[in-house]
Amino acid sequence: PLDVFRGDGGEATDGTVEHWHWINKEVGPGGRSSVSGRKVAVFGPTGFLGRYVAGELGQNGTKCYFANRGCELETRHLKVQFDLGMCKFVFYSPRERDSMAEVIADSDVVINLIGKYYETKTLVSNPNGYFPPILRKTNYSFTEAHVDIPRTIAELCTEMQVDNLIHLSSLAAKDGATSEWARSKFEGEMAVREAYPWATILRPAQLFGPEDRLLNWFAGVAGKVPFIPVIDDGQALLQPVYMSDVAECIRKIVDEPDKFEGKTIDCFGGQDFTYKEIAEFVMDITKQGKSVVGVPKDIMKLIATFTQVLPAPVLTRDQVELWSGDYAAQPEDFYKSQVGNDKILTMSDLGVEATPIEKIAFSYLHRYREGGHFVMNKGYHSEIQ
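Residues numbered from 1 in each chain as written. Predicted model: local features only at pLDDT ≥ 70, side-chain atom pairs only at ≥ 80, totals over all residues. Heavy atoms only, no water.

## Describing helix H6 (residues 180-195)
Structurally, the α-helix is built with 3.6 residues per turn, so residues lying three or four positions apart point the same way.
Here's step 1: Compared with the 22 Å implied by 1.5 Å per residue over 16 residues, the 22 Å span of H6 between its first and last C-alpha is a close match.
Here's step 2: Along H6, the residues that are buried comprise Trp181, Ala182, Ser184, Lys185, Gly188, Glu189, Ala191, Val192 and Ala195.
Here's step 3: On its buried side, H6 packs onto helix H5 (142-159), strand S9 (164-168), strand S10 (200-204) and helix H11 (317-323).
Here's step 4: Among the residues of H6, the N-terminal cap falls to Ser179, whose side-chain oxygen and the backbone nitrogen of Trp181 are separated by 3.3 Å. (Helix = DSSP H or I, 4+ residues; strand = E, 2+ residues; numbered from the N terminus. Expected span 1.5 Å × (residues − 1). Buried < 20%, exposed > 50% of the residue type's maximum accessible area, 1.4 Å probe, protein only. Contact = heavy atoms within 4.5 Å. Polar contact = N/O pair within 3.5 Å; in protein donor to acceptor, adjacent residues only side chain to side chain.)

Here it is, written out as structure tokens:
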């Protein structure tokens, strides 16, 4: 048996028994191979942002319970971000309250990252036995993913007396928004606030990073069609934020959760762009040589009517609604002029500086270049032949 530090000045040889006591104490100088003493439950860890949140928590010595509703192989990439024994995967179903309680267990902080950019569908037999024999049925709707599940998590946090809850919403979340996705995000915020009033709400702008659905969307579409379509004239504004910056904000909140109880934090990039400018920026990197063309919103929605029935649709009608309006933060003066405890915070209040999109985009967009990025270097290929 291995000697395990108990955290209270003593030692024990029963590693299997005392290990859990050990990780519940703050041990080490901080960072890798240290123990923060916090236990965090994460819902939605396998999503785009989830893996980066896991990385931030892992390098800070945080014990994590990851909610897993599928095959264990879908979460194995998260293990390498933690020291041995510092992460645990708990199977659950979003429609089974008791299984969600098992994920939360004895956590100090719960993080909800669950979200979906389109309503997933599944094939079912026609219950009436008529034609067609197979029907498409909504599996998880926006309301269930963004409102019902967050409400259940918040209610469980209240019932189980969890110290803190961090809920991920969106800058686009508005009451009465034309996008059902944005409306459901707003309704989810309200549901969480009602069930757990002291929750911390993060509202990021559109995320960019290696697996994003923003810059990769334009580059991917450019490889399939003769031009890059933007809705109407592409003048709607957005302020993309680097996913690692948002993950760092979440880690800082986990480090000092009491400090941010009941707060709303807007996360956005340091510069705003139009969708047309973003498309041209992507073309400047990828050298795909496609023109950016404005397409009327009604035509884009008509196209989306057909594309949204595909698995992992490249475009949906609701996405057209979302991208046809501004997806940006309030003016800077708005945040500076706020007073009182209910003021909305920004990343700068957490000491996180927004990473410029120009600094990151090339690292994952150059793969769309025909021949790779070395093709731009004159004489490179001729020298190696």
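Alright, that's what it looks like, and here's the rest.
## Considerations on the packing of aromatic side chains
Here's step 1: Inspection of the entire model under this criterion finds 13 aromatic pairs.
Here's step 2: Seen in terms of ring centroids, Phe208 and Tyr242 are 5.3 Å apart; in terms of plane orientation they differ by 25°. Their pairing is stacked. Placement of the pair is Phe208 in strand S11 (residues 207-208) and Tyr242 in strand S14 (residues 241-242), with a sequence separation of 34 residues. As far as burial versus exposure is concerned, Phe208 and Tyr242 are alike and both buried. (Phe/Tyr/Trp six-rings, centres within 6.5 Å; stacked < 30°, edge-to-face > 60°.)

## Quick look at the sheet that holds strand S15 (residues 264-267)
Here's step 1: One open sheet holds the eight strands; their spatial order is S5-S4-S3-S6-S9-S10-S15-S18, and the pairing between them is parallel. Because the sheet does not close on itself, it has two edges, and the strands there are strand S5 (87-91) and strand S18 (345-346).
Here's step 2: Judged from the three bridges that link them, S9 and S10 form a sheet pairing that is parallel. Each bridged residue has a counterpart across the sheet, and for Ile166 the counterpart in S10 is Thr200. (Pairing = 2+ DSSP bridges.)

## Some remarks on the nonpolar core
Here's step 1: Among the nonpolar cores identified, the biggest contains 83 residues, and Leu49, Ile111, Leu202, Leu215, Phe218 and Ile250 are the most heavily contacted of them.
Here's step 2: Counting residues in hydrophobic clusters, the runner-up holds 25 residues, among them Tyr140, Cys157, Leu165 and Ala199. (Core = buried A, V, L, I, M, F, W, Y, C linked by side-chain atoms within 4.5 Å.)

## Description of the layout of surface pockets
Here's step 1: Put simply, the second largest pocket is a space of about 480 Å³.
Here's step 2: Lining the second largest pocket are 25 residues, and of these Phe268, Glu332, Tyr335, Thr346 and Ser348 sit closest to its centre.
Here's step 3: Elements with a contribution of two residues or more to the lining of the second largest pocket: S15, helix H12 (332-336) and S18.
Here's step 4: In terms of residue count, H12 provides more of the lining of the second largest pocket than any other element does, three residues in total. (1 Å grid on protein atoms, 1.4 Å probe; cavity = no way out; pocket = protein on both sides within 12 Å on 5 of 7 lines; lining within 4 Å. Points joined across faces, edges and corners; volume = space filled by probe spheres on them.)

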